[in-house]
Amino acid sequence: MTKTARGSLLDIEHLDTKEITGLLQLARRMNPLKPRPLLRGKRVLLLFYEASTRTRSSFEIAAKAMGAMTTLVLSSGSSIEKGESLLDTAYTLQAVGADVMVIRHPSAGAPLLMARHLKIPVINAGDGMHEHPSQALLDAYTILRHKKKLPGLQVAIVGDIYHSRVARSAIHLLSKFGARITLCGPPELLPEMATCLAPNLHITRTAEEAVRGADVVMVLRVQKERLAGLKIRLQDYIARYQMTTARIKLAKRDAMVMHPGPIIRGLEITWEVADCAQSAIVEEVANGVPVRMAILARALGKAR
Amino acid sequence: MMAHDKLKSGGLLIKGGHVIDPAAKIDGPMDVLLHDGRVADIAPPNKVRGSADQTLNARGLVVAPGFIDLHVHLREPGQSYKETIASGTAAAAAGGFTSVCCMPNTSPVVDSVEWVTWIQQAQRGGVVNVFPIAAATQASKGAVLTDFRGLQRAGAVGVSDDGRPILNETTMRDTLRLAAEINLPVIQHAEDTRLTENCSMNESTTSFRLGLRGMRVAAEAAIVDRDVQLAQQFAGARLHVAHLSTADALKSVRRGKRSKAHVTCEVTPHHFTLTDADVGDYNTYCKMNPPLRSAADREALIVALADGTVDAIATDHAPHATHEKIIEFEKAMFGITGLETALGLAITRLHRESRIPLARIVELFTAGPARVVDLRGRGTLARGSHADVTIFDPKKRWTFEAAKSRSKSNNTPFDGWQLTGRVVATIVSGKIVYRSS
C-alpha cells in the first residue's frame, strides 16, 4: 500500500485495539458543550458524494466545537457534476487549503484512493458497502457508557448486513475486542461468507435465536438503494426479522437496542422498540459529536 | 535500408540452439535456416543445406516456432490513446509473439469486411502478423449475425462478441451452425452478464471484506456448459472458450472434448498466476474480466494446462490509459496488459514452480493456438513453414519494468516482478523484429 497521511481514518480493519482505545479515551474527554479551541484556524473539508444527515452534521458540529472552519462540498452543485474525477477534486480541495478531508462516497475504497494521493489526512465518512469507521467508534463509545467492557459481550446484528458498511466496521471493531457476535438476516442480505470478516462469527436465520441472551441488539436498515435488482419480499422480511417488543424481551433485561439510522419505523424496527427505554438510538447520534471531535483532533495531531 | 533488405533476402541461419517444436516432435539441438520468409531447412548442428548472409548464434537458447496470442486488444480503430496496432504489435514482438489475433470490441466494432481489411493494411505499422477476429453480430449487439463468409475471405480467423457475450441461445446456435459451414471458430467470452451487473471482482471473502459486489463462478460456468452442449449438436461446429477462469467451466470443456465435439479453450497468465486475494486493498491492476478467481480455481487451471484440456495460453492483453485505472475500483476499466510478461510468467509459474515441461509450455504458445484458429504453416518450424521464430533463454532472470513497456499503457500488476525466462529474439517472416538488449 502506498503511504497515507498520519491521522487518516480509512477503516477499522487495519486499526489496532490500542489506536481504537486511544480514540475512545480521547472522545471521553471531549465535550461539545464546552468548546476548546484545539483546531483554531484549521480547515475541515467535508466532501459528500452521497446523502447524509447524521454523519455530516455531527462532523461539522464537532469541527466547529474545536474552533475549526468547515467547508461543505456536495457532488451536486460542484464541478463533480461537470465530470471532474475524484482525484482532481481532491487535489483541488487540498490546494485551496484544506487541512483534513472528510469524505463520503458511494464507491468502496474511494477514501483510500484519495488518501494514497493526498498529503493531508483523509477521514472515511462511509464508502459504498465497505466501511463506516466513525460509526463503529461511536457505537463502541455508546456501548461502553452502559456496559463495563467489550470482551465477552454478546452482540446480535440483525438485518441487511451484505449492503452495510456499518456492519462491516462494527464487526471488525467488536471482534477485535473479543465480543461474541451473532449475525442474523436472510441469505440474500447475509451470505455465509460474511463469517470470513472476523474470527468466531456466528450466523443464524432466526431473529429469536440471535436476540436470545444478547447484551446488545444492533438493528440495520434494508438498504433499498443498494439492492440492485435483488427482490426482497418486505412482508416476509418484517415477519421474520423485524425487531419487535416480543423479540427484544428475549434479550437480557438490560440489553441495549442500537441502530445507526436512518430508521424506517414499521420495517426493520417497530415504533415501540425504537422509542423503548432500552433504545440507545438517539444517544448514538449525540455521541457522534465527541467521537468525531476525537477523530478530527487525532487527524490534525492534537490528540492530547 | 537497401543493404538490410539484401541481407534479408540472403537468409538467416539460427545456429547452435535447442529447438523445441512440439508440432514437429522436435526437442533437441538443431540449426534452422530461414529463406524468403520460409523455413528453408531444419537439421542437426552443421547439417543444414544452403547458406545465409546472416547468422544468429543461439547457443544456450531455446529456438521455438513463433508464439501466437489468440486474444489481444490492439484498440484500433478508435481507441488509439490506449494502444495502436503499431505499439501493440511492438509489445507483442518484445514478448516473443510473432502472430496476434485481435478482438473486435473497438470503436466502431470490427463487424465489416472494410474494418477487417483496414486492420491488416501495412500502413497500420504492425510489426508482427495480425489476424483479426471479427464480431459475430452487428456492433456485437447480439441480434443480427454478421457476414461470416465475407469476413473470413477478408482475413478474419474467427468470430466473437468478446466483452459482450452472446447470451441468447438461438443466436448462439445460429452462430455455431453458420460458422460450422465454413469451418470458422466461434470464440465466446463466457459470462452471463445478467448475473454480473455492477460486479467488479470474483465473489469471495475478499469481495465481501471490501464491500464489492462479486461475480459468481456460475456466471461463467453456465454459459460454457450451454455452449458446449450447443457445439455438440452441429457437426463441424468449433467452439473456443476465451480466457477460461474456473474449475467448473473446465468440467464442461472436458465433457465436450470427450464427446469429440470441437471444443477448445485458452487460459491467461494472470489467471494461472494470481488469485482474487491479490486484489488486496482495491488494486485496480488486479481488476479484469473474467476476474481473478480462488486458489482452487487457479490450481485447476494449472492441472488443465498440464494435461491438455487447455489448448493455448492467451494474454487478453487489454491496455487502458492511466485515467481509466487510477480511479475508484468499481469505476475502473477491466483488464491488464500482458504481452511482455506472458513467457516469463509461464516459465516461472508453470515450468519452475509447477513442473510443467518446457515443451508443453511451448506447445501452449505455438501449435496449440495455431490449431484453434487454423493458422496453416504457423506454430511449427517444419520445412516450408512461415519463418516466424521465437528465441528465448529459459534460465534468464530479469525484472519486468512497466515503464519500459512497448505498449502505450502500463496497467499491469506485474511491475517490478522478477521472472525467469526471457525473450532474446523475435523473428517474423525471416526478419528480426525484436532483440533483447
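The preceding data block contains the structure.
About the criteria used
- Residues numbered from 1 in each chain as written.
- Chains lettered and ligands numbered in written order.
- Predicted model: local features only at pLDDT ≥ 70, side-chain atom pairs only at ≥ 80, totals over all residues.
- Core = buried A, V, L, I, M, F, W, Y, C linked by C-beta atoms within 7 Å.
- Buried ≥ 20, exposed ≤ 12 C-beta atoms within 10 Å, placed from the backbone.
- Helix = DSSP H or I, 4+ residues; strand = E, 2+ residues; numbered from the N terminus.
- Domains from an automatic or database assignment.
- Contact = placed C-beta atoms within 7 Å.
- Axes fitted to C-alpha atoms, helices over the stretch in contact; angles between N-to-C directions.
- Parallel < 35°, antiparallel > 145°, perpendicular 65-115°, else oblique.
- Left-handed = near helix turned anticlockwise from the far one by under 90°.
- Nonpolar A, V, L, I, M, F, W, Y, C, P; charged D, E, K, R; others polar.

## A look at the nonpolar core
Generally speaking, a soluble globular protein has its nonpolar side chains buried in company with each other.
Now for step 1: Among the nonpolar cores identified, the biggest contains 122 residues, and Val32(B), Val63(B), Val159(B), Leu305(B) and Ile391(B) are the most heavily contacted of them.
Now for step 2: The biggest single contributor to this core is helix α7 (residues 217-233) of chain B, with seven residues.
Now for step 3: Each of two domains, domain 1 (2-63 + 386-435) and domain 2 (65-372) of chain B, supplies a minimum of three residues to this core.
Now for step 4: If near-sequence neighbours (up to four positions away) are discounted, Val32(B) is found in contact with Ile14(B), Val19(B), Val39(B), Ile42(B), Val63(B), Leu381(B) and Val389(B).
Now for step 5: In this structure, Leu153(A), Leu183(A), Ala251(A) and Val273(A) belong to the second largest nonpolar core, which totals 117 residues.

## Digging into the packing of helix α5 (residues 133-146) of chain A against helix α6 (residues 165-176) of chain A
Residue and element names in this part refer to chain A.
Now for step 1: Two elements in contact, α5 and α6, have axes whose closest approach is 8 Å; the angle formed by their N-to-C orientations is 50 degrees. On the basis of the axis angle, α5 is oblique to α6. Pair α5 / α6 crosses with right-handed handedness. Of the residues in α6, those touching α5 at Pro133, Gln135, Ala136, Asp139 and Ala140 are Val166, Ser169, Ala170 and Leu173.
Now for step 2: Each residue belonging to the contact of α5 with α6 can be placed in one class, and the counts come to six nonpolar, two polar and one charged.

## Remarks on unusual backbone geometry
All names here are of chain B.
Now for step 1: Cis rather than trans, the peptide bond between Glu76 and Pro77 has omega equal to 5 degrees.
Now for step 2: Tracing the backbone shows Pro77 in the loop between β6 (67-72) and α2 (85-94).
Now for step 3: Geometrically, the link from Ser107 to Pro108 is a cis peptide bond, its omega value of 5 degrees lying close to zero.
Now for step 4: Tracing the chain through its elements places Pro108 in the loop between β7 (97-102) and α3 (113-120).

Treat this as a map of the structure, not an account of what it does.
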